[in-house]
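One letter stands for each residue in the lines below.
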Amino acid sequence: MLAIDTVRGEDYKAVHRLAGEIDGIVQHAGHVYKIMADHFGDSFFIAHEKKQNGPSVVLGFMLGFVSQKFKGHLFVWQIAVSHKSQGKKVGSGLLKHTVEYARKTRDCHAVMATVETTNIGSQRLFEKLGFTIRSEKFRGNGQVLTVHHGKEAVENFYGSGTDQIFYVMEL
Ligand SMILES: CC(C)(COP(=O)(O)OP(=O)(O)OC[C@H]1O[C@@H](n2cnc3c(N)ncnc32)[C@H](O)[C@@H]1OP(=O)(O)O)[C@@H](O)C(=O)NCCC(=O)NCCS
């Protein structure tokens, strides 16, 4: 049975392993997932298959936190699903859970994320759930807007050579 839960105990190790297996996201060092689990664990979720006898298997995760810069915004840092579980609504489940968590969180009134202009699957995920593009609002001083397939993005937002689309859902 698939369940979505807050990260617990040693779950961060499975998340770290999974991040290394999924194309399209960066695998951060193991301690990054531990620090996030220890200090921001309330907004760090795993999607896992619970087995009757034996350990559960982590199929996906959403690593997020409430931003200090953009007050009241829960920032989705990484959302990812194992290759064999993609296309089965696991990502949608994680994102819906995140939105529900944000709704229940005091002083939180939006969920936001940045998505690379080349990542069509992730763009669809956010659009399907009703997120809107707000790249203009969130670009920094001196940062340049560009348009990819009709979608506004911020050029080289992370300084890594990639253009990022800002998706936001106001609650
Ligand atoms: C993006 C990702 C999290 C989506 O999770 P998922 O469980 O596969 O997505 P879902 O099954 O819930 O699908 C949600 C919608 O997204 C779209 N979608 C998902 N993956 C897609 C893909 N590879 N190509 C095109 N559309 C895709 C579909 O339109 C789908 O809606 P529909 O089936 O009702 O039309 C997952 O594919 C993934 O881990 N990708 C690699 C890592 C990554 O890019 N993470 C995001 C970084 S910002």
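Residues numbered from 1 in each chain as written. Predicted model: local features only at pLDDT ≥ 70, side-chain atom pairs only at ≥ 80, totals over all residues. Heavy atoms only, no water.

Chemist: Provide a residue-level description of the packing of aromatic side chains, including the pertinent values.
Modeler: Overall, the coordinates contain eleven aromatic pairs when judged by the stated rule. Here the aromatic rings of Phe 45 and Tyr 101 are separated by 5.6 Å at their centres, their planes lie at 70°, and the arrangement is edge-to-face. Taken as a pair, Phe 45 in strand 2 (residues 44-49) and Tyr 101 in helix 3 (residues 90-104) lie far apart in primary sequence, 56 residues in all. The exposure class of Tyr 101 is partly exposed, given its relative accessible area of 22%. These aromatic residues form a ring-pair network of at least three members: Phe 70, Phe 138, Phe 157, Tyr 158 and Phe 166. (Phe/Tyr/Trp six-rings, centres within 6.5 Å; stacked < 30°, edge-to-face > 60°. Helix = DSSP H or I, 4+ residues; strand = E, 2+ residues; numbered from the N terminus. Buried < 20%, exposed > 50% of the residue type's maximum accessible area, 1.4 Å probe, protein only.)

Chemist: Run through the site of the ligand, naming residues and quoting values.
Modeler: What surrounds the ligand is a group of 20 residues, the closest being Val 81, Lys 89, Gly 91, Ser 92 and Asn 119. A distance of 3.5 Å separates an oxygen atom of the ligand from a polar side-chain atom of Gln 86. Val 90 has a polar backbone atom sitting 3.4 Å from an oxygen atom of the ligand. Isolated, the ligand exposes 900 Å² of accessible area, and the fraction of that covered by the protein chains is 76%. Where the shell around the ligand is concerned, the elements lending two or more residues are strand 4 (73-81), helix 3 and helix 4 (120-128). The element contributing the most residues to the shell around the ligand is helix 4, with five residues. For the shell around the ligand, the residue count by class is seven nonpolar, eight polar and five charged. (Near = heavy atom within 4 Å. Polar contact = N/O pair within 3.5 Å; in protein donor to acceptor, adjacent residues only side chain to side chain. Areas by Shrake-Rupley, 256 points an atom, 1.4 Å probe, with all protein chains shown as cover. Nonpolar A, V, L, I, M, F, W, Y, C, P; charged D, E, K, R; others polar.)

Bear in mind that shape data such as this cannot, by itself, settle questions of function.
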